[in-house]
2 protein chains.
Amino acid sequence: MTKQELLKLYRDYIACLNDQDWPSLGRFVSIDVEHNGRQLGVPGYREMLEKDFEAIPDLYFNVERLIADPPCIASRLRFDCTPTGRFLDLEVNGKTVSFAENVFYECENGKIARVWSVIDKIAIEAQLRLSDKPGDSVRIPNGDRR
Amino acid sequence: MTKQELLKLYRDYIACLNDQDWPSLGRFVSIDVEHNGRQLGVPGYREMLEKDFEAIPDLYFNVERLIADPPCIASRLRFDCTPTGRFLDLEVNGKTVSFAENVFYECENGKIARVWSVIDKIAIEAQLRLSDKPGDSVRIPNGDRR
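Residues numbered from 1 in each chain as written. Chains lettered and ligands numbered in written order. Predicted model: local features only at pLDDT ≥ 70, side-chain atom pairs only at ≥ 80, totals over all residues. Heavy atoms only, no water.

### Details of the relation of the copies chain A and chain B
Piece 1. The two copies are related by a screw operation: chain A maps onto chain B through 180° of rotation and 0.0 Å of translation along the axis, at an RMSD of 0.0 Å. In symmetry terms, the pair is related by a two-fold rotation axis. (Least-squares fit on C-alpha atoms with pLDDT ≥ 70 in both.)

In structure tokens:
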């Protein structure tokens, strides 16, 4: 798999997610795809994503930064979205939050086979603390872990 | 900067951190280095790392996964360590925890100039919940965001 092929696969995969085109998901992820060490397969992976869109109706995957080194790719995703209820055990409840997800992918036979994702929960917590003060949704550019 | 040079820079940088060789830090990070959008410079970056080692005396950076595409590199770091008190606003208090950090780096003039890091706080929370049950430190392989 060349770097160009890998980048095209990834961009098409992200477009598939943003279109919620679930019947096409199996074109991009492997039949036995793993996510953070759990083997989900295509149906489990689809279910995970469908739940995300259920919890966050305006979910949209923005690729902010991409590092490709076949067969692996790393992506920094940016989300500006509005979870309607609890999200990651936080009382977001319709506040608009902005956060990143740094994700590593390993491909096999032209499809995503393994995913290691970390979501910046710390950034969301910081925004919720700020938004407890008078005013509405508050965005800060990045999480600060300390 | 070739891929080999980038990988060497990164491995030497990680060795510098693990050795707590602070006088050498400026060989690897740029004079105006930024971390998660904050311009720290070498002294501020050093101070951040020194505080980490103060809070976590057995801190050790294990590189689990590396994706290099000059001038950028992405690293999945693995920590098995024992924060002595509160860590990321969690009452860790001497429990041994295992967690990942997915980090992106951009280099300029042969040094790390910008860093975007996300720590898997969700994995630590899950381990603390488990360790509230009878027994001592509990490790699970990965965070699960849902």
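Having seen it, we continue.
### Looking at the pairing of strand E8 (residues 111–119) of chain B
All names here are of chain B.
Piece 1. Burial analysis of E8 places seven of its nine residues in the buried class, the great majority of the element.
Piece 2. As paired elements, strand E1 (residues 29–35) and E8 share three bridges and run parallel to each other. Looking at the pairing, His 35 lines up with Val 115 of E8.
Piece 3. Connecting strand E7 (residues 97–108) to the next strand, E8, in antiparallel fashion are two residues, including Asn 109 with a positive phi near 50°. (Buried < 20%, exposed > 50% of the residue type's maximum accessible area, 1.4 Å probe, protein only. Helix = DSSP H or I, 4+ residues; strand = E, 2+ residues; numbered from the N terminus. Pairing = 2+ DSSP bridges.)

### Some words on unusual backbone geometry
Piece 1. Residue Pro 70 of chain A is joined to Pro 71 of chain A through a cis peptide bond whose omega torsion reads 5°.
Piece 2. Along the chain, Pro 71 of chain A falls in the loop between strand E3 (62–69) and strand E4 (72–81).
Piece 3. Its identity as a non-glycine residue notwithstanding, Asn 93 of chain A has a phi of 50°, on the positive side.
Piece 4. Residue placement: Asn 93 of chain A occurs in the loop between strand E6 (90–91) and strand E7 (97–108).
Piece 5. The phi dihedral of Gln 20 of chain B falls on the positive side, at around 50°, and the residue is not glycine.
Piece 6. Mapped onto the elements, Gln 20 of chain B comes out in the loop between helix H1 (3–18) and E1.

### Topic: the nonpolar core
Piece 1. Formed by 42 residues in total, the largest nonpolar core has its most connected members in Tyr 13, Leu 25, Tyr 45, Phe 61, Tyr 105 and Ile 124 of chain A.
Piece 2. Listed by contribution, the elements that provide at least two residues to this core are helix H1 (3–18), strand E1 (29–35), helix H2 (41–55), E3, E4, E7, strand E8 (111–119) and helix H3 (121–131) of chain A.
Piece 3. The element best represented in this core is H1 of chain A, accounting for eight residues.
Piece 4. Judged by nonpolar contacts, the second largest core, of 41 residues, contains Val 29, Met 48, Ile 56 and Leu 59 of chain B. (Core = buried A, V, L, I, M, F, W, Y, C linked by side-chain atoms within 4.5 Å.)

### Looking at the environment of Gln 39 of chain A
Residues and elements named next belong to chain A.
Piece 1. Inspection of the secondary structure assignment puts Gln 39 in strand E2 (residues 38–39).
Piece 2. Distance in space between the C-alpha atoms of Gln 39 and Ala 15 is 23 Å, their sequence separation being 24 residues.
Piece 3. Once residues lying within four places of it in the same chain are set aside, the contact partners of Gln 39 are Asp 32, Val 33 and Glu 34. (Contact = heavy atoms within 4.5 Å.)

### Things to note about the sheet that holds E1 of chain B
All names here are of chain B.
Piece 1. What the six strands build is an open sheet, ordered E2-E1-E8-E7-E4-E3; its pairing is mixed. Each edge of the open sheet carries a strand with a single partner, namely strand E2 (38–39) and strand E3 (62–69).
Piece 2. Note that strand E4 (residues 72–81) and E7 share 10 bridges and pair antiparallel. Among the inter-strand pairings, Cys 81 is bridged to a residue of E7, identified as Val 97.
Piece 3. Against the sheet, helix H2 (residues 41–55) touches E1, E2 and E8, its axis set at about 60° to E1. (Axes fitted to C-alpha atoms, helices over the stretch in contact; angles between N-to-C directions.)

### A few points about the pairing of E7 of chain A
Residue and element names in this part refer to chain A.
Piece 1. Extensive coverage of E7 is indicated by the burial of 11 of its 12 residues.
Piece 2. Looking at chain direction, E7 and E8 are connected through eight bridges and run antiparallel. Residue pairing across strands places Glu 101 opposite Ile 119, the latter belonging to E8.

### Some points on the packing of aromatic side chains
Piece 1. Counting across every chain of the model gives 17 aromatic pairs over all chains.
Piece 2. Taken together, the ring pairs connect Trp 22, Phe 53, Phe 61, Phe 79, Phe 87 and Phe 99 of chain A into an aromatic cluster.
Piece 3. When the ring centre of Trp 116 of chain B is taken as origin, the NZ or CZ atom of Arg 65 of chain A, which lies over that ring, is 3.8 Å away. (Phe/Tyr/Trp six-rings, centres within 6.5 Å; stacked < 30°, edge-to-face > 60°. Lys NZ or Arg CZ within 6 Å of the ring centre and 35° of its normal.)

### Concerning the interface of chain A and chain B
Piece 1. Opposite the 37 residues of chain A that make contact, chain B presents 37 residues.
Piece 2. Interface area for chain A against chain B, summed over the two sides, is near 3,500 Å², with a carbon-plus-sulfur share of 53%.
Piece 3. Viewed at the interface, chain B and chain A are joined by eight salt bridges.
Piece 4. Of the charged contacts, one joins Arg 129 of chain B and Asp 89 of chain A as a salt bridge, the two residues approaching to 3.9 Å between their closest N and O atoms.
Piece 5. For the pair chain A and chain B, the interface holds 11 residue pairs in polar contact (both at pLDDT 80 or more).
Piece 6. Of all elements in the fold, only H2, E3, E4, E7, E8 and H3 of chain A reach the threshold of two or more residues within the side of chain A that touches chain B.
Piece 7. Looking at side-chain class alone, the side of chain A that touches chain B contains 13 nonpolar, eight polar and 16 charged residues. (Buried area = accessible area lost by both parts, 1.4 Å probe. Salt bridge = Lys/Arg side-chain N within 4 Å of Asp/Glu carboxyl O. Polar contact = N/O pair within 3.5 Å; in protein donor to acceptor, adjacent residues only side chain to side chain. Nonpolar A, V, L, I, M, F, W, Y, C, P; charged D, E, K, R; others polar.)

### Structural notes on the confidence of the model for chain A
Piece 1. With 90% of its residues at a pLDDT of 70 or more, chain A has an overall mean of 93.
Piece 2. Scored as a whole, the predicted complex attains pTM 0.91, and scored at its interfaces, ipTM 0.90. (pLDDT = per-residue confidence, 0-100.)

### Thoughts on the packing of H3 of chain A against helix H3 (residues 121–131) of chain B
Piece 1. Relative orientation of the contacting elements H3 of chain A and H3 of chain B amounts to 90°, with a least axis distance of 8 Å. One element, H3 of chain A, and the other, H3 of chain B, form an angle in the roughly perpendicular class. Of the residues in H3 of chain B, those touching H3 of chain A at Lys 121, Ile 122 and Glu 125 of chain A are Lys 121, Ile 122 and Glu 125 of chain B.
Piece 2. Tallied by class, the residues present in the contact of H3 of chain A with H3 of chain B amount to two nonpolar, no polar and four charged. (Parallel < 35°, antiparallel > 145°, perpendicular 65-115°, else oblique.)

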